[in-house]
Amino acid sequence: MIVDFGKTSLWVSLASITFNPTFWNIAAQREFHTHWLTRLCGGDKYRGCYTIAATIFGLGLIRDMLFNHALSEQPSWDMLDNFAVHAAAVLLVAVGMTLVLSSTYMLGITGTFLGDYFGILMDARVTGFPFNVLDNPMYVGSTMSFVGVSLWHAKPAGLLVSAYVWLVYHIALKFEGPFTAMIYAKRETTSPSPASKKKKKL
């Protein structure tokens, strides 16, 4: 048996992976429609965004802790315990973290953590690295890191969890992509055109 489905820690890890994007999508969409978090933060949308950013970051740390604990209780597979696999694991984690960190750098805190749902919109689409390579580098990078850690520890269960991580991200994008596009489309229809701004100045 290369995956022990009887371990509670495995299911807890999967539950955490499911919960995180579900939470931030529901919370952010509620914020967009009702400004509930902005109101809780005294009407300061930046404070609201930083609050949800800290929450998401904390939930991510808990998710990773639960994942590592689940791996520790799963059987290893000798076929994965060799130099080539370990080298691939290091490369995957290195590339994955590069994608995640460079995405955060390019977007900033508010761009990374749902600032557009708070009305903190970017002036233009980010097209530099890594967004000139991948459409969703943070999700790809995160999944690569899960795979890399699983390979390093020679845990087939981790590879199964990693596939589930990608599935959850893929489903999340089905909600996030259209909603974010709607936010920016709404800005285009409600903001005055450059020509009308010029007329006002005259």
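See the structure above.
Since this is a predicted model, take the numbers as computed values, not measurements.

Asks: Which residues make up the packing of aromatic side chains, and what values do they have?
Replies: The full count for this structure, using the stated rule, is 6 aromatic pairs. Arranged with centres 5.3 Å apart and planes meeting at 80°, the rings of Phe 32 and Phe 179 form a pair that is edge-to-face. Placement of the pair is Phe 32 in helix α1 (residues 8-34) and Phe 179 in helix α6 (residues 156-190), with a sequence separation of 147 residues. Members of the aromatic cluster, connected to one another through ring pairs, are Phe 32, Tyr 117 and Phe 179.

Asks: For the nonpolar core, give the residues involved together with the corresponding values.
Replies: Within the largest apolar cluster, 31 residues are counted, with the highest numbers of intra-cluster contacts made by Ile 52, Leu 114, Tyr 117, Phe 118 and Val 161. With 8 residues, the top contributor of residues to this core is α6. With 5 residues, the next largest nonpolar core counts Leu 80, Val 85, Ala 89 and Leu 151 among its residues.

Asks: Lay out the environment of Lys 174 in plain terms, naming residues and giving numbers.
Replies: Tracing the backbone through its elements, the reader meets Lys 174 in helix α6. On the basis of relative accessibility, which here comes to 55%, the residue Lys 174 falls in the exposed class. With 77 residues separating them along the chain, Lys 174 and Met 97 place their C-alpha atoms 24 Å apart.

Asks: Can you break down the environment of Ser 103 residue by residue, with the values?
Replies: Looking at the element boundaries, Ser 103 is found in helix α4 (residues 83-112). Taking the C-alpha atoms as reference, Ser 103 lies 9.0 Å from Asn 136; in sequence the two are 33 residues apart. Leave out the neighbours within four places in its chain, and Ser 103 touches Thr 112, Pro 130, Phe 131, Pro 137 and Met 138.

Asks: Explain unusual backbone geometry to me, using residue names and the numbers behind them.
Replies: The residue after Phe 129, namely Pro 130, is reached through a cis peptide bond having omega 5°. In this structure, Pro 130 sits in the loop between α4 and α5 (137-152). Notably, His 35 is not glycine yet its phi reads approximately 60°, a positive angle. Relative to the elements of secondary structure, His 35 occurs in the loop between α1 and α2 (36-40). Of note in the backbone geometry, Leu 114 takes a positive phi value of approximately 65° without being a glycine. Locating Leu 114 in the fold gives a position in the loop between α4 and α5. Of the residues examined, Leu 114 reaches a relative accessible area of 12% and is grouped as buried.

Asks: I'd like a rundown of the pattern of salt bridges, residues and numbers included.
Replies: For the coordinates displayed, the defined rule picks out 2 salt bridges. In this structure, the salt-bridge partner of Glu 188 is Arg 187, at a minimum N-O distance of 3.9 Å. A relative accessible area of 58% means that Glu 188 is categorised as exposed.

The rules behind the values
- Residues numbered from 1 in each chain as written.
- Predicted model: local features only at pLDDT ≥ 70, side-chain atom pairs only at ≥ 80, totals over all residues.
- Heavy atoms only, no water.
- Phe/Tyr/Trp six-rings, centres within 6.5 Å; stacked < 30°, edge-to-face > 60°.
- Helix = DSSP H or I, 4+ residues; strand = E, 2+ residues; numbered from the N terminus.
- Core = buried A, V, L, I, M, F, W, Y, C linked by side-chain atoms within 4.5 Å.
- Buried < 20%, exposed > 50% of the residue type's maximum accessible area, 1.4 Å probe, protein only.
- Contact = heavy atoms within 4.5 Å.
- Salt bridge = Lys/Arg side-chain N within 4 Å of Asp/Glu carboxyl O.

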